[in-house]
Amino acid sequence: MYRLVFQNAVAAREPVVVELPSLVIGRDVGCNVQLVEPGVCGRHAAIERQTGGYYLHDLDSGGGVCVNGKPVRESRLASGDELEIGGARLRFEIIHGTGGKRQRRPIDLLQVLAITIVLLVIGGQVMLLSSMFSEERPRKVKLETALVTHTDQAATAPAEPMATNPLALSEPRPRAAAVASAPPVAEPAVWNRMIRIARVDRSESGGTVSINIQAKAQVGERELSTGAVAICVQFAALDGTGSKVVWREPSWLPIPQWENFSTKSFAVRFPGAPREFVGFVVRTYYRKQMQDIAATPPSLRPLAPLPLLGGAS
């Protein structure tokens, strides 16, 4: 199949798509393609489809036929060839597929039935999985048996107001505690990371240090209870002498509206100069149960004072 694109038609014409094995071009109304340009004879030329391709023939016209500017009596055509038939210029282009309107295939009732059955099976599986995940299931908790008493050596320092805690901290804590002499802290059991810490990045710009926390909610409930989510950040810093590491006051992040199985980003600025920055510990909670923890450097994780959660079980 091919088409003829008119280059200098007297009036604008759409390309002609040809599927016929033989096409006659000329001025006569009986020709397959009628041309009215000067120099075009009644039956001027023909294009025939043969085993080796498409061929242009001059039908003993008086005006002659040219392919790509060369006069010919017969010539094998290639896609993109420029044809001159009398005063008319056309471009020959081979195309694939079927021209005109495509015939609609008859509807196969067996195929329709099979597709319907497959869709019903898939829909039933989706409903089954949805009902399974929406049910409340008991969660296994690994209990910590080792309890270590944490002594706060900075208890004599004046206490500052605590940040607002969505889980209601039971009592204020002093601003800083010495890390070098503090024993490891016994952490509560970490559940199944329903508020998972995806990553934490540190950045420094304009004389300030910030961390960006990406947390993903993936609770086994139908909807996430935003009011039951809490995220705590604790920064470790050098003291005024630069010889001891102390903990800054825990910072509880405000939690925005949050949909289950989605990720939120939280930016937290270090309350001090970059030269004082040592590291941080981030903990996430859901319904007053710790879900995940991240620390940089990791050696800070067992040393960070545990924030007190009022009424936590």
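Quick caveat: nothing in here was measured; it's all calculated off a predicted structure. (Residues numbered from 1 in each chain as written. Predicted model: local features only at pLDDT ≥ 70, side-chain atom pairs only at ≥ 80, totals over all residues. Heavy atoms only, no water.)

1. A few points about the overall build of the chain
Counting its secondary structure elements, the chain contains 1 helix and 19 strands. Buried positions account for 35% of the 313 residues belonging to the chain. Look at the contacts in the chain between residues 6 or more apart in sequence, and 56% of them connect residues 24 or more apart. Counting only carbon and sulfur atoms, one obtains 55% of the accessible surface of the chain, whose full area is about 18,600 Å². (Helix = DSSP H or I, 4+ residues; strand = E, 2+ residues; numbered from the N terminus. Buried < 20%, exposed > 50% of the residue type's maximum accessible area, 1.4 Å probe, protein only. Contact = heavy atoms within 4.5 Å. Areas by Shrake-Rupley, 256 points an atom, 1.4 Å probe, with all protein chains shown as cover.)

2. Describing the sheet that holds strand β17 (residues 263–269)
Read from one edge of the open sheet, 3 strands run β12-β13-β17, paired in antiparallel fashion. Looking at the sheet topology across the chains shown, the edges are occupied by β12 (195–205) and β17. On average, each strand axis in the sheet is tilted by 20 degrees relative to the strand beside it, whichever way the strands run. Sheet topology places β12 next to strand β13 (residues 208–217); 10 bridges connect them, and they run antiparallel. Looking at the pairing, Asp201 lines up with Asn212 of β13. (Pairing = 2+ DSSP bridges. Axes fitted to C-alpha atoms, helices over the stretch in contact; angles between N-to-C directions.)

3. Regarding the packing of aromatic side chains
Counted according to the given criterion, the structure contains 9 aromatic pairs. Centroid distance Tyr2 to Tyr54: 4.9 Å. Interplanar angle 70 degrees. Geometry classified as edge-to-face. Pair noted here: Tyr2 is in strand β1 (residues 2–6) and Tyr54 is in strand β6 (residues 53–58), with a separation of 52 residues, a long-range link. Like Tyr2, the residue Tyr54 is buried in the burial classification. Aromatic ring contacts, followed pair by pair, group Phe235, Phe270, Phe277 and Phe280 into a single cluster. A cation over an aromatic ring shows up here: Arg13 above the ring of Phe6, its NZ or CZ 4.1 Å from the ring centre. (Phe/Tyr/Trp six-rings, centres within 6.5 Å; stacked < 30°, edge-to-face > 60°. Lys NZ or Arg CZ within 6 Å of the ring centre and 35° of its normal.)

4. Quick word on the confidence of the model for the chain
Mean pLDDT over the chain: 81, with 76% of residues reaching 70 or higher. Scored below 50 in pLDDT, residues 137–181 makes 85 contacts in the model with residues more than four places away or belonging to other chains. (pLDDT = per-residue confidence, 0-100.)

5. Quick notes on a nonpolar patch on the surface
Taken together, the side chains of Ile107, Leu109 and Val112 make up a nonpolar region of the molecular surface, amounting to roughly 350 Å² of accessible area. With respect to the helices and strands, the residue Ile107 is situated in the loop between β11 (88–94) and α1 (109–134). (Patch = residues over 30% accessible without salt bridge, like charges linked within 9 Å, V, L, I, M, F, W, Y side chains within 5 Å. Salt bridge = Lys/Arg side-chain N within 4 Å of Asp/Glu carboxyl O.)

6. Things to note about the sheet that holds strand β10 (residues 82–85)
Pairing is antiparallel in the open sheet, where 6 strands are placed in the order β2-β1-β11-β10-β7-β8. Bordering the open sheet on either side are β2 (16–18) and β8 (70–72), each of which pairs with just one other strand. Across the sheet, the axes of successive neighbouring strands diverge by a mean angle of 30 degrees, strand direction being ignored. With 3 bridges joining them, strand β7 (residues 65–67) and β10 adopt antiparallel strand pairing. Bridge assignment links Val65 to a residue of β10, and that residue is Ile85.

7. Some details on the environment of Pro305
In this structure, Pro305 sits in the segment after β19 (289–296). Between the C-alpha atom of Pro305 and that of Val281, which follows or precedes it by 24 residues, the distance is 9.8 Å.

8. Remarks on the side chain of Asp292
Along the chain, Asp292 turns up in strand β19. Classification of Asp292 as buried rests on a relative accessible area of 7%. Side chain to side chain, Asp292 and Arg193 meet in a polar contact 3.1 Å long. (Polar contact = N/O pair within 3.5 Å; in protein donor to acceptor, adjacent residues only side chain to side chain.)

9. Notes on unusual backbone geometry
Across the junction of Thr296 and Pro297, the peptide omega takes the value -5 degrees, indicating a cis bond. Looking at the secondary structure, you find Pro297 in the segment after β19. Positive phi is not limited to glycine here, since Phe261 has a value of about 65 degrees. With respect to the secondary-structure elements, Phe261 resides in the loop between β16 (251–252) and β17. With a phi angle near 50 degrees, Arg287 is a residue other than glycine that sits in the positive phi range. Examined against the element boundaries, Arg287 turns out to sit in the loop between β18 (277–286) and β19. Among the residues examined, Arg287 registers a relative accessible area of 45% and is labelled partly exposed.

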